[in-house]
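Chain and residue survey
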Amino acid sequence: MSPEARAGDVVLLVGTMKGAFLVWSNAARAEWRIEGPHFRGESVYALALDQRGGRRRMLAATRSMHWGAVIRASDDLGATWSEPDRQNVRFPEGSDDALGNIWQIRPGRASEPDVLYCGVEPAALFESRDGGESWSPVEGLLNHEHRKRWMPGAGGLCLHTILPDPADEARMAVAISTGGFYRTDDGGRSWRPRNAGVRAVFLPDPYPEFGQCVHKVVHHPSRPERLFLQNHWGLYRSDDWGDAWVDVANGVPSDFGFAIEVHPHDPDTVYIVPLDSDQFRCVPDARLRVYRTRDAGASWQPLETGLPQHDAYDTVLRDALAADRHDPAGIYFGTRGGKLYGSADDGESWREIADDLPPIVCVKAAVIGAA
Amino acid sequence: MGITIALPGALQPYAGGSSEVTLADRFGTVGDALAALAERHGGVMDRVTDERGALRPHVNVFVDGENVRFLDGLGTALGEGSTIVIVPAVSGG
């Protein structure tokens, strides 16, 4: 807990297989303090800090191997957490589905400060209109005719990406592994697959209408139509909200990977952590390198200063790469090996923040006082 | 004579801190008794079964010492004065 947190402080919300950690620093981001674990023994795949509408609410998706998954909230920066009596994210009565895990918590638009979304396994989108107190499924996607044909990947059949259009309350996109990228233009009533140009190497038709194993999609709120997609083999950009995708794997050692993040102040600057292959999910050549493009994918450059460059047999998962909103931006990532790295200079140089955490599945970065 | 349901420590906060719940009625099956438990303590049952009503895979329910997974599951018949014990399986994080 950090009741003394001040505006400009940075908190990393780190979800692991055995609990969550809050990692604190000030705007200099030179020294860090690790606080936790919260939810000991429970996996935490999704975390968020919602600072809209005058609140300062942390949300955590916790999953007990025994007792299932719930979303908990903290209004005192992690000092105390809610303990929901009932399972607050649940499929409707009569559904064939039961909640497996919660993969994403996404505060909605600034214009709708009480709206949040969460993505779950088996793949479905849930919505809260009361700040995260209660949740209900988005029926248009839950009843989509494609849904029964989506297939689980190694991590399960998860909806992991939620991208509300900040400029248009009717438009939003989600991504599903494996199912692909879907967009609604009518507030969630109907959803259409938007996967033209995205490969599915594991299907007879490598360019199907849907069924791609999309690992993560990001965009910048100032240019929401420009999307960057890390695929299960393939690195893509769309300039039209997914109507068409182009391959932008220009100069990366591998176009397989999970994690992708956009720079907080430049919609054309994007970070990825390539992995060797689907059969060997470790960084190429055992060198831990983040790759950055500053020209929307026309070229990518490795960032390795301060990162281990030999014997680094480690993996960065889809939600374990994040950026804060300072300038220069802080860039952070966690590994399955339990290491947490950070850069306070847009990724130019890195330092190890923690080296013995449980396997990291989620890293979110937030600046206190910045919505 | 009713039945007694023993709760593990992790579930007692959802039953007002009680380690046991006694139900005075007669019940034909484990599922019937757990449905009655759900009406009284929904938070307990959310953690024992999923939203389809299926027993969670890492939760075991014993009736008079026998694991219902090796009997008739939630359809296992209850006897007069049966005791149900809910325990987490050998697994964890």
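What follows concerns the overall build of chain A. A count of helices and strands for chain A gives one helix and 27 strands. In summary, chain A has a C-alpha radius of gyration of 19 Å against a globular reference of 21 Å for 371 residues, a match within 12%. With the C-alpha coordinates of chain A rotated into their principal frame, the extents come out at 50 × 50 × 40 Å. In chain A, buried positions account for 63% of the 371 residues. Partitioning the contacts of chain A with sequence separation of at least 6, the portion at a separation of at least 24 is 50%. Of the accessible surface of chain A, which amounts to about 13,900 Å², a share of 47% is contributed by carbon and sulfur atoms. Side chains of chain A carry 40 positive and 53 negative charges; the gap between the two charge centres is 1 Å.

The next thing to look at is a nonpolar patch on the surface. A cluster of nonpolar side chains, Val201(A), Phe202(A) and Leu203(A), forms an exposed patch at the surface whose accessible area comes to about 230 Å². Residue position: Val201(A) is located in the loop between β14 (192–193) and β15 (214–220).

Residue and element names in this part refer to chain A. Pairing in this open sheet of four strands is antiparallel, and the strands run β7-β8-β9-β10 from one edge to the other. Of all strands in the sheet, those with a lone pairing partner are β7 (101–107) and β10 (136–137), marking the two edges. Here β7 pairs with strand β8 (residues 116–121) via six bridges, running antiparallel. Across the sheet, Arg106 pairs through a bridge with Tyr117, a residue of β8.

Here helix α1 (residues 30–40) of chain B has its buried residues at Val30(B), Ala33(B), Leu34(B) and Leu37(B). Looking down the long axis of α1(B), one finds its buried residues gathered within 95 degrees of arc, a one-sided arrangement.

Each side of the interface is counted separately: chain B has 19 residues, and chain A has 19 residues. Between chain B and chain A the total buried area reaches about 1,800 Å² when both faces are included, carbon and sulfur atoms providing 50% of it. Viewed at the interface, chain A and chain B are joined by three salt bridges. The salt bridge involving Arg90(A) is made with Asp46(B); its shortest N-O contact spans 3.1 Å. At the junction of chain B with chain A, the criterion picks out 14 residue pairs in polar contact (both at pLDDT 80 or more). When residues in the side of chain B that touches chain A are grouped by element, the largest group, four residues, is from helix α2 (residues 42–48) of chain B.

Residues and elements named next belong to chain A. On the secondary structure map, Met17 appears in the loop between β1 (10–16) and β2 (19–25). Accessibility expressed as a relative area gives 32% for Met17, which makes it partly exposed. Between the C-alpha atoms of Met17 and Trp241, which are 224 residues apart in sequence, the distance is 33 Å. Residue contacts for Met17: discarding those within four places in its chain leaves Gly41, Glu42, Ser43, Tyr45, Pro359 and Val361.

This part covers unusual backbone geometry. Residue and element names in this part refer to chain A. Residue Glu121 is joined to Pro122 through a cis peptide bond whose omega torsion reads 0 degrees. Tracing the backbone through its elements, the reader meets Pro122 in the loop between β8 and β9 (124–128). A positive phi angle is found at Trp241, which is not glycine, with a value near 60 degrees. Structurally, the position occupied by Trp241 is in the loop between β17 (235–238) and β18 (246–247).

Let us now look at the pairing of strand β3 (residues 59–63) of chain B. Residues and elements named next belong to chain B. By the criterion of burial, β3 is predominantly enclosed, with four of the five residues buried. Across two bridges, β3 lies against strand β4 (residues 66–67) in antiparallel orientation. Considered in β4, the bridge of Val63 is made with Glu66. Hairpin connection from β3 to β4: two residues lie between these consecutive antiparallel strands, with Asp64 at a positive phi of about 50 degrees.

Turning next to the side chain of Asn60(B). Residues and elements named next belong to chain B. Mapping Asn60 onto the fold places it in strand β3. With relative accessibility at 15%, the residue Asn60 sits in the buried group. Within the structure, Asn60 has its side chain in polar contact with the side chain of Asn67 (distance 3.5 Å). Once you skip the residues sitting within four places of it in the chain, Asn60 turns out to touch Asn67, Arg69, Val85, Ile86, Val87 and Ala89.

How each quantity is defined
- Residues numbered from 1 in each chain as written.
- Chains lettered and ligands numbered in written order.
- Predicted model: local features only at pLDDT ≥ 70, side-chain atom pairs only at ≥ 80, totals over all residues.
- Heavy atoms only, no water.
- Helix = DSSP H or I, 4+ residues; strand = E, 2+ residues; numbered from the N terminus.
- Rg over C-alpha atoms; globule rule 2.2 N^0.38 Å.
- Buried < 20%, exposed > 50% of the residue type's maximum accessible area, 1.4 Å probe, protein only.
- Contact = heavy atoms within 4.5 Å.
- Areas by Shrake-Rupley, 256 points an atom, 1.4 Å probe, with all protein chains shown as cover.
- Lys, Arg positive; Asp, Glu negative; His and termini not counted.
- Charge placed at Lys NZ, Arg CZ, Asp CG, Glu CD.
- Patch = residues over 30% accessible without salt bridge, like charges linked within 9 Å, V, L, I, M, F, W, Y side chains within 5 Å.
- Salt bridge = Lys/Arg side-chain N within 4 Å of Asp/Glu carboxyl O.
- Pairing = 2+ DSSP bridges.
- Arc of directions from axis to C-beta.
- Buried area = accessible area lost by both parts, 1.4 Å probe.
- Polar contact = N/O pair within 3.5 Å; in protein donor to acceptor, adjacent residues only side chain to side chain.

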